[in-house]
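Chain by chain, the residues run as shown.
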Amino acid sequence: MDKYRVKQGQTINLEDWDANEISLFPEGKKAAKDKTKKLNKKLEALQELLYAEHKQKVLVVLQALDTGGKDGTIRAVFEGVNPAGVKVASFKVPTAIESDHDFLWRIHQHTPGKGEIVIFNRSHYEDVLVVRVHNLVDKDIWKKRYDHINNFEKMLTDEGATIIKIFLHISKDEQKERLQERWDVPEKNWKFSSGDLKERALWDEYQKAYEDVLEKTSTDYAPWYIIPANRNWYRNYLISSILVKKLESLNMEYPLPEDGLDNIEIE
Ligand code: AMP
Ligand code: MG
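It should be emphasised that the depicted structure is a prediction, and the values quoted were computed from it without experimental measurement. (Residues numbered from 1 in each chain as written. Chains lettered and ligands numbered in written order. Predicted model: local features only at pLDDT ≥ 70, side-chain atom pairs only at ≥ 80, totals over all residues. Heavy atoms only, no water.)

Quick look at the environment of Ala-64 now. Note that Ala-64 resides in strand E1 (residues 57–64). Spatially, the C-alpha atom of Ala-64 lies 26 Å from that of Ala-84, the residues being 20 residues apart in sequence. Filtering out sequence-adjacent residues up to four positions away, Ala-64 remains in contact with Lys-70, Arg-122, Phe-167, Leu-168 and Tyr-210. (Helix = DSSP H or I, 4+ residues; strand = E, 2+ residues; numbered from the N terminus. Contact = heavy atoms within 4.5 Å.)

What follows is the structure in structure tokens.
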């Protein structure tokens, strides 16, 4: 998975990252789906262990442009996990109270506690993405936020969190098809917003803003992964794979039973 991880300080030109890429599964969809199913079984067991051990905290940040597949990823990758230990936090346009505070105020309270996995569907990164592209705050303010974000994430990891940041990378053509589908299919109409077309017109500005995010905030302690996301099955495989590897590396153990249980008989 290393080829998808952004190294600290790496220069990123998203045009060089192929959103159609499927190099780990040249044999195609069927094999990848089978493998993903197996990985998701592993993920279920690891999440159970994380919850039981009650020591580690896991934060998954999901970012993408409209139709990038954030919702679909959450559905596919976390399908079988125990909802008691997994939460999704979705960040929308800030409310009046949220806007009255610093940009991390609303974020911090949703970070994972011990034994939890939290998935951020959008995140504090919106405050250097949509905010920048639409000039919602002065440049003097948002340009300092990369450092604030790195410091915030360092603090979270120092306090025991594992952070995995996923950028779902789709092509402009793919977005066109997905928007068209939202428009054509009645069951998908609810997802279509005219605002999406205004955002699409700012495609280049968003790519630039994402490149800066990936370059400035991919750290050894909280790395970004650029996931080629034109094919859902490949995207799901990669993300399941990254999560399983990360969770396995935490070397978790089930807690020992309490003392003095040796001679107990359950009648
Ligand atoms: P969706 O994820 O499609 O439900 O849309 C949520 C909307 O909220 C997107 O258009 C985001 O750009 C917007 N949003 C999220 N966070 C912020 C933020 N900090 N400032 C402004 N808009 C935001
Ligand atoms: Mg939307």
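Past the structure itself, the notes keep going.
Attention now moves to the site of ligand 1. Lining the immediate environment of ligand 1, one finds Phe-91, Lys-92, Val-93, Pro-94, Arg-106, Arg-122, Glu-126, Asp-127, Val-130, Val-131 and Leu-136. With respect to ligand 1, the backbone of Val-93 contributes an N or O atom lying 3.2 Å from an oxygen atom. One of the side-chain N or O atoms of Arg-106 is found 3.2 Å from a nitrogen atom in ligand 1. The protein chains hide 74% of the 500 Å² of surface that ligand 1 would expose on its own. When its residues are assigned to classes, the shell around ligand 1 shows six nonpolar, no polar and five charged. (Near = heavy atom within 4 Å. Polar contact = N/O pair within 3.5 Å; in protein donor to acceptor, adjacent residues only side chain to side chain. Areas by Shrake-Rupley, 256 points an atom, 1.4 Å probe, with all protein chains shown as cover. Nonpolar A, V, L, I, M, F, W, Y, C, P; charged D, E, K, R; others polar.)

It is worth spelling out the pairing of strand E3 (residues 117–121) at this point. With five of five residues buried, E3 lies mostly within the body of the structure. Inspection of the sheet shows E1 paired to E3 by five bridges, in the parallel sense. Bridged to Leu-62 within E3 is Asn-121. (Buried < 20%, exposed > 50% of the residue type's maximum accessible area, 1.4 Å probe, protein only. Pairing = 2+ DSSP bridges.)

Attention shifts here to the pattern of salt bridges. In total, this model carries 18 salt bridges according to the counting rule given. Here Lys-41 ties to Glu-44 by a salt bridge, and the two come within 3.7 Å at their closest N and O atoms. Of this pair, Lys-41 and Glu-44 both sit in helix H1 (residues 29–53), three residues apart, roughly one helical turn. Lys-41 sits in the exposed class, given a relative accessible area of 56%. With a shortest N-O distance of 3.3 Å, Glu-98 and Arg-106 are connected by a salt bridge. Taking the relative accessible area as the measure of exposure, Glu-98 reaches 22% and is therefore partly exposed. Because the salt bridges share partners, they merge into one network encompassing Asp-66, Arg-122 and Glu-126. (Salt bridge = Lys/Arg side-chain N within 4 Å of Asp/Glu carboxyl O.)

The subject of this paragraph is the sheet that holds strand E4 (residues 161–169). The strand order across the open sheet built from five strands is E2-E3-E1-E4-E5, with neighbouring strands paired in parallel fashion. One side of each edge strand has no neighbouring strand; the edge strands of this open sheet are strand E2 (86–90) and strand E5 (224–228). With strand direction ignored, the average angle separating the axes of adjacent strands in the sheet is 20°. (Axes fitted to C-alpha atoms, helices over the stretch in contact; angles between N-to-C directions.)

Take unusual backbone geometry next. With phi around 60°, His-54 is a residue other than glycine that occupies positive phi space. Here His-54 is to be found in the loop between H1 and E1. For Arg-122, which is not glycine, the phi torsion reads 65° and is therefore positive. The topology assignment puts Arg-122 in the loop between E3 and helix H5 (130–133). Under the relative-accessibility criterion, Arg-122 is labelled partly exposed at 22%.

Take the packing of aromatic side chains next. Overall, the coordinates contain eight aromatic pairs when judged by the stated rule. With 4.4 Å between their ring centres and 25° between their planes, Phe-167 and Tyr-210 make a pair best called stacked. Of this pair, Phe-167 sits in strand E4 while Tyr-210 sits in helix H10 (residues 203–217), and the two are 43 residues apart along the sequence. Tyr-210 carries the same exposure label as Phe-167, and that label is buried. Their ring planes at 45° and their centres at 5.1 Å tell us that Trp-183 and Phe-192 sit as a pair that is tilted. Given a relative accessible area of 55%, Trp-183 falls into the exposed group. Here the aromatic cluster, defined as three or more aromatic residues joined through ring pairs, consists of Phe-25, Trp-233, Tyr-234 and Tyr-237. Over the ring of Tyr-221 we find Lys-154, and its NZ or CZ is 5.7 Å from the ring centre. (Phe/Tyr/Trp six-rings, centres within 6.5 Å; stacked < 30°, edge-to-face > 60°. Lys NZ or Arg CZ within 6 Å of the ring centre and 35° of its normal.)

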